[in-house]
Each structure stands twice: as structure tokens, then as C-alpha cells.
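Now for the letters of each chain:
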There are 2 protein chains.
Amino acid sequence: MIFRQFFHHESSTYSYLIADNQTKEAALIDPVKDDTDKYLQILKDLSLKLIYALDTHTHADHITALGPLRDATGCKTVIGEGAAAGCASQYVKDEEVIKVGSLDIKALKTPGHTIESYCYLMSDRIFTGDTLLIRGCGRTDFQNGDSEDLYKSLQRLMTLDKTITVYPAHDYKGWTSSSIGEEANNNPRLQFKTMEEFVDFMNNLNLPNPKMMDIAIPANLQCGNN
Amino acid sequence: MIFRQFFHHESSTYSYLIADNQTKEAALIDPVKDDTDKYLQILKDLSLKLIYALDTHTHADHITALGPLRDATGCKTVIGEGAAAGCASQYVKDEEVIKVGSLDIKALKTPGHTIESYCYLMSDRIFTGDTLLIRGCGRTDFQNGDSEDLYKSLQRLMTLDKTITVYPAHDYKGWTSSSIGEEANNNPRLQFKTMEEFVDFMNNLNLPNPKMMDIAIPANLQCGNN
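Residues numbered from 1 in each chain as written. Chains lettered and ligands numbered in written order. Predicted model: local features only at pLDDT ≥ 70, side-chain atom pairs only at ≥ 80, totals over all residues. Heavy atoms only, no water.

Some thoughts on the state of the cysteines
Residue and element names in this part refer to chain A. This is how it is decided: By convention in this document, the label disulfide applies to cysteine sulfur atom pairs within 2.5 Å. Under the scheme used here, helices are H or I runs from DSSP no shorter than 4 residues and strands are E runs no shorter than 2 residues, and both carry numbers assigned from the N terminus.
Here the structure, examined in full by the defined rule, presents two disulfides over all chains. Here C87 pairs with C223 through a disulfide, and the sulfurs are 2.1 Å apart. Around the S-S axis, the bridge from C87 to C223 shows a dihedral of about 90 degrees and counts as right-handed. Of this pair, C87 sits in the loop between β5 (76-80) and β6 (90-92) while C223 sits in the segment after α6 (213-220); the two residues are 136 residues apart in sequence, bridging distant segments of the chain.

Below you can see the structure in the form of C-alpha cells.
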């Protein structure tokens, strides 16, 4: 398996390339429009064929590269069922598996940060979008976010094997990965004793809106093609 | 094996934590003084004992955490033979092996970016400091840098197995890792046909000095303890 993590400085977004080393088929997860040329370059450098570009959810802080990548490569674009964007090639359901050569990417429906947030699970790693961050979790105060849903989604993730590597869609402090076990033990958002305590905490964060929100959400509802 | 990559935003420095999952012994490579508390936190979170803090060379763009980590944990501090810093616990030679539990870290002397630049090789990955960057290499115009030496050091790295993952000390474009094979094929600094062409190119880069240089080098000669 080929694996690369990319960092978009302006929005502190992590994007991921996975590819089957034999068939050379590849997928990109949460790619950022600004970096489209970089993705196309590494696909060329490694002689890979992009067959899927997947978003974990409709991002509010950067514009997705799904549309530009589909235009450039003919790949399928994938988001979770329930997303308002009408522009994707495929809307995955809970536990649906996307195949990239011999690699399986299983979609897990994990609403809460947004109503259509999904995580993408592989055998030894999971791409958690904004559902589970390193020592944190996504906010729940816009885009039909729901703190109760997020609590349940995080609980679901915590049933996974503790050794699974966690790759989030963002980090703001210089962390690049974690594990399910590490987050179970050390993530402060996972230490509340009851759902009510978590919900109360999340509902009182009073965060400002993301800087890019008014631009990013309308653009992402068009898959970045505008 | 436990492995974590950290990113220091201000200097675009990557630092690395490696640890034996059984013995819980750990090492940090190229740690940044600003992030000392972060390293101490993750060591605590993962119940690890830091036994080594290693620098690949005397950095000019950030202050090392070697001294602060030794003060906080009692770990040994390691740099390459030939470094002007008199404050390290141990000066490794070419091909010397540092043991972290069952993990071997082999020092490879790779002068060029600086006269005492080393890379640290493990079974499936190499920490290349500023010797080999992703699609680039370190500059050679200060700290006894030498373009001929760097050419030879890069050639030496290119004799390693192509599948070995490359983890550099810096990246400025959002790349987090590469491989020996990927760099052999795609790094523009490795495409010169002769050493003379490489040397001529490197000697005419005319780069400004690093912003932190006048602070970082004197501080690093004291292992960050000043």
C-alpha cells in the first residue's frame, strides 16, 4: 500500500492519498482545492490512477478538490448519504465498502459534527474527518450538527481496535496522527461520564464561525466546481 | 513500534517519536524547544520512558529541545561526531547503532548540509534531517556546508532500498513523507548528471540566511539550554 498525508497550511487540513501498490489505483480523502496541482503531480510521479476522491463531510473551512479532481482525472467523487451537495458521483451508506485495488475503505456513518459526517475505515487506520480530532472533536453548532449524535458516533469509534491509527481532517497543534486507544485514554472530549455532560460542554463552546464558512459551504455544495 | 510525527509550525520542522511498544522505551528525533511540553505530555499519555533525544545536525532555524528534554527526563542527548556542541551525552559515528528497546537506529554520516549532518536509519524508514528533503535537499552555504559532500551523501542514501520511507526534518509545502525510490525518480536535486552540475547549482542558490540563524546556532551549541 502507498500512503501519503498532506497538510494544507492555510486551513490546517490533512488530506490523504492511499493506493494499491500493485494495481496503481488510488484514492484521495478530503483533498483541498488549493492543492489540486500537488495531488495531480504526485499521482503522476508515482504512476497512479485516481479512481476515487472522497470527502468525510461538507467542509466549512476549505474548498474541496473533489470537482477539480474529477474534471482532471475522471475519478468518481464520493460523499456520505444525506449530504446536500448534488454533485457527487456516489453517496455512500453506513458500512458500504469502496474498493481501491485490493484495499477496502469502509464508510462509517458518524453524524454529529455535521449530519452527513462519515469516517473511512481501513484494516489498520481510520480517517475520522472532523468527528474525532487528536485530543478533540469537531464542533456541533452549525450544518445540522448535533452533540448527542456526536457523542454516539464517538462512542462507536471507541469500539474499534485500540491499535487503529487515527488520521483526522485537521490539526492545529502539530500532531499528525494518533490511535483509537490513545484517544480513548487521553482525549478530554472522551472523558465525560455521561452524554448529558458532553452535550452541555459542546453546547456552551461559543466558538466564532470559521473564517471560510460563507465561501466554503456554498462552494462545497458544488464539489468545489465554481 | 509506536511512531508519531510532529510539526512545528513556526519553523516548519518535523520531529519524530519512536518507541518500543513492549519495553516502553522511547527516542525523539529533532525535537524543538518550543514543543518540549508537548513531547513530555505524549510521553506521559503513552506511558513511555524517553531514553534518547537525537539531533540530525546543529539546526540553524529552530532551537533544539535536547537540553530541556535531558533536564526533564534524564534522557541521553545524541548528535553526530564532529558537532561543535559540547553539551551532548553521546556523539555517534558512522554506522553506530543506538538501541531503543528492540528497535535499532543506525547513524549514517551524511555531511554536506552541515559538516556534522547525520541521518538515522531504521528497518523501514530513515530520518534524513536536512540532507534529503521531499523534492529538495538542504542548502550548503553555511556551517561548513559543502556541495560535493552533499552530492556524495545523497548518492549514498540512494543506495538504500527504494521502499524505505523518508522522513525529513522540514517541509514547507505540506508534504509529510516520501520514499527513497520516489525521491530517486522525482527529486530535481537528484537528476543532475554529474557532481559538477549539482555543485554549480547549489553554489548559485543565493538564499537569504534563515531568520532564526543568529539565535538558533549559539543556542543549539548549548543543546538549547540557555
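Re the packing of helix α3 (residues 147-157) of chain A against helix α5 (residues 195-202) of chain A
Helix-helix packing is characterised by the crossing angle of the two axes and by the distance between the axes. Residues and elements named next belong to chain A. Condition: All axes here are fitted lines through C-alpha atoms, helices being fitted over the stretch that makes contact, and every angle between N-to-C directions spans 0 to 180 degrees. In these notes the angle categories are as follows: under 35 degrees is roughly parallel, over 145 is roughly antiparallel, 65 to 115 is roughly perpendicular, and the rest is oblique. Handedness of a crossing is defined here by the sense of rotation of the near helix relative to the far one, left-handed for an anticlockwise turn of less than a right angle and right-handed for a clockwise turn. In what follows, a contact means two residues having at least one pair of non-hydrogen atoms within 4.5 Å. In this classification, the charged set is Asp, Glu, Lys and Arg, the nonpolar set is Ala, Val, Leu, Ile, Met, Phe, Trp, Tyr, Cys and Pro, and all remaining amino acids, among them Gly, are polar.
It is at 9 Å that the axes of α3 and α5 come closest, and there the two elements cross at 125 degrees. Considering their axes alone, α3 and α5 lie oblique with respect to each other. For α3 against α5, the interelement crossing comes out right-handed. Together, S147, E148, L150, Y151, K152 and L154 of α3 and M195, F198, V199 and M202 of α5 make up the contact between the two elements. Looking at side-chain class alone, the contact of α3 with α5 contains seven nonpolar, one polar and two charged residues.

A few points about the relation of the copies chain B and chain A
Both copies of the chain are related through a single rotation about an axis accompanied by a shift along the same axis. Note the threshold: What sets the superposition is a least-squares fit of C-alpha atoms, and only residues with pLDDT of at least 70 in both copies go into it.
Here chain B sits on chain A after a turn of 180 degrees about the axis and a move of 0.0 Å along it, with an RMSD of 0.0 Å. Each copy turns onto its partner about a two-fold axis. Taken together, the interface assignments show that 100% of the residues at the interface of chain B recur at the interface of chain A, consistent with an identical surface on both copies.

Describing the interface of chain B and chain A
By convention, interface size is frequently given as the accessible area that disappears when the constituent parts associate. Applicable threshold: Once two parts are brought into contact, the accessible area they lose, counted with a 1.4 Å probe and summed over both, makes up the buried area. Should a side-chain nitrogen of Lys or Arg be within 4 Å of a carboxyl oxygen of Asp or Glu, the pair is scored as a salt bridge. Within 3.5 Å is the distance limit for a polar contact, defined as a pair of N or O atoms, with the added protein rule that one can donate a hydrogen and the other accept it, and that residues adjacent in sequence qualify only through two side-chain atoms.
In this complex, chain B contributes 21 residues to the contact, which on the side of chain A involves 22 residues. When chain B packs against chain A, close to 1,800 Å² is buried across both sides, 48% of that on carbon and sulfur atoms. Considering only the side of chain B, the residues that lose the most area to chain A are R4(B), H9(B) and W175(B), jointly responsible for 26% of the buried surface there. Where chain B packs against chain A, one counts four salt bridges. The interface formed by chain B and chain A includes twelve residue pairs in polar contact (both at pLDDT 80 or more). Looking at the side of chain B that touches chain A, the elements with two or more residues in it are β1 (2-8), α1 (36-45), β14 (178-179) and α4 (180-186) of chain B. The greatest single-element share of the side of chain B that touches chain A, amounting to four residues, is contributed by β1(B). The residue inventory of the side of chain B that touches chain A, partitioned by class, reads six nonpolar, nine polar and six charged.

So, the layout of surface pockets
Put simply, the rule is: Every definition here rests on a 1 Å grid over the protein atoms only: cavities are sets of points where a 1.4 Å probe fits but cannot get out, pockets are open sets enclosed by protein on both sides within 12 Å along at least five of seven lines, and lining residues have some atom within 4 Å of a point. Grid points are joined across faces, edges and corners, and a volume is the space filled by probe spheres set on the points.
In this structure, the largest pocket occupies an estimated 1,400 Å³ of space. If you trace the largest pocket, you find 48 residues lining it, with R125(A), Y167(A), F3(B), R125(B) and Y167(B) closest to the centre. At the level of elements, β1 (2-8), β13 (165-168), β14 (178-179) and α4 (180-186) of chain A together with β1, β13 (165-168), β14 and α4 of chain B are the ones that each hand at least two residues to the lining of the largest pocket. Tallied by class, the residues present in the lining of the largest pocket amount to ten nonpolar, 24 polar and 14 charged. Looking at the second largest pocket, its volume works out to about 950 Å³. Lining the second largest pocket are 41 residues, with S11(A), D61(A), L133(A), H170(A) and Y172(A) sitting closest to its centre. When contributions to the lining of the second largest pocket are tallied by element, the ones reaching two or more residues are β12 (136-137) of chain A together with α1 of chain B. Of the residues forming the lining of the second largest pocket, the biggest block, four residues, is contributed by α1(B). The residue makeup of the lining of the second largest pocket, split by class, is 15 nonpolar, twelve polar and 14 charged.

Focus on the nonpolar core
Burial of nonpolar side chains together is a common tendency in soluble globular proteins. Operational definition: By convention a nonpolar core is built from buried Ala, Val, Leu, Ile, Met, Phe, Trp, Tyr and Cys residues, the set being connected through side-chain atoms within 4.5 Å. Burial classes: relative accessible area under 20% of the type maximum marks a residue as buried, over 50% as exposed, and values in between as partly exposed (1.4 Å probe, protein chains only).
Within the largest apolar cluster, 44 residues are counted, with the highest numbers of intra-cluster contacts made by Y120(A), F127(A), Y120(B) and F127(B). Beyond its immediate sequence surroundings of up to four residues, F127(A) is in contact with F3(A), Y16(A), I18(A), I29(A), T56(A), C119(A), Y120(A), M122(A) and Y167(A).

Some points on the pairing of strand β9 (residues 118-121) of chain A
Each regular strand carries side chains that alternate between the two faces of the sheet. Residues and elements named next belong to chain A. Using the following cut-off: When DSSP finds at least two bridges between two strands, those strands are taken to pair.
Residues Y118 and Y120 of β9 are buried on one face, and the alternating residues C119 and L121, pointing to the opposite face, are buried as well. Note: strand β8 (residues 103-109) against β9, four bridges, orientation antiparallel. Note that in β9 the partner of A107 across the bridge is Y120. Bridge analysis of β9 against strand β10 (residues 125-129) gives two bridges, and the strand direction is antiparallel. Bridge assignment links L121 to a residue of β10, and that residue is I126. Between β9 and β10, which pair antiparallel and follow one another directly, the connecting turn spans three residues.

Observations regarding the sheet that holds β6(A)
Residue and element names in this part refer to chain A. Overall, mixed pairing links the six strands, which are arranged β1-β2-β3-β4-β5-β6 in an open sheet. Two strands in the sheet have a free side with no partner beyond their single neighbour: β1 and β6. Strand-to-strand twist in this sheet, taken as the mean axis angle between neighbours without regard to direction, amounts to 25 degrees. The pairing of strand β3 (residues 25-29) with strand β4 (residues 49-54) spans five bridges and is parallel. Bridging across to β4, E25 finds its partner in K49. Against the sheet, helix α1 (residues 36-45) contacts β1, β2 (13-19), β3 and β4, and its axis sits at roughly 160 degrees relative to β1. Contacts from helix α2 (residues 66-73) reach β3, β4 and β5 within the one sheet, and its direction differs from that of β4 by about 160 degrees.

Section: the pairing of strand β8 (residues 103-109) of chain B
Residues and elements named next belong to chain B. Summarising the sheet, strand β7 (residues 97-100) and β8 pair through four bridges and their orientation is antiparallel. Its bridge partner lying in β8, K99 is registered against D104. What sits between β7 and β8 in their antiparallel hairpin is a turn of two residues, with G101 showing a positive phi close to 60 degrees.

Points about the environment of S89(A)
Residue and element names in this part refer to chain A. Mapped onto the elements, S89 comes out in the loop between β5 and β6. Between the alpha carbons of S89 and Q143 there is a distance of 22 Å; along the sequence they are 54 residues apart. There is a polar contact of 3.2 Å between the side chain of S89 and the side chain of R70. A polar side-chain atom of S89 sits 2.8 Å from the main-chain amide nitrogen of T77.

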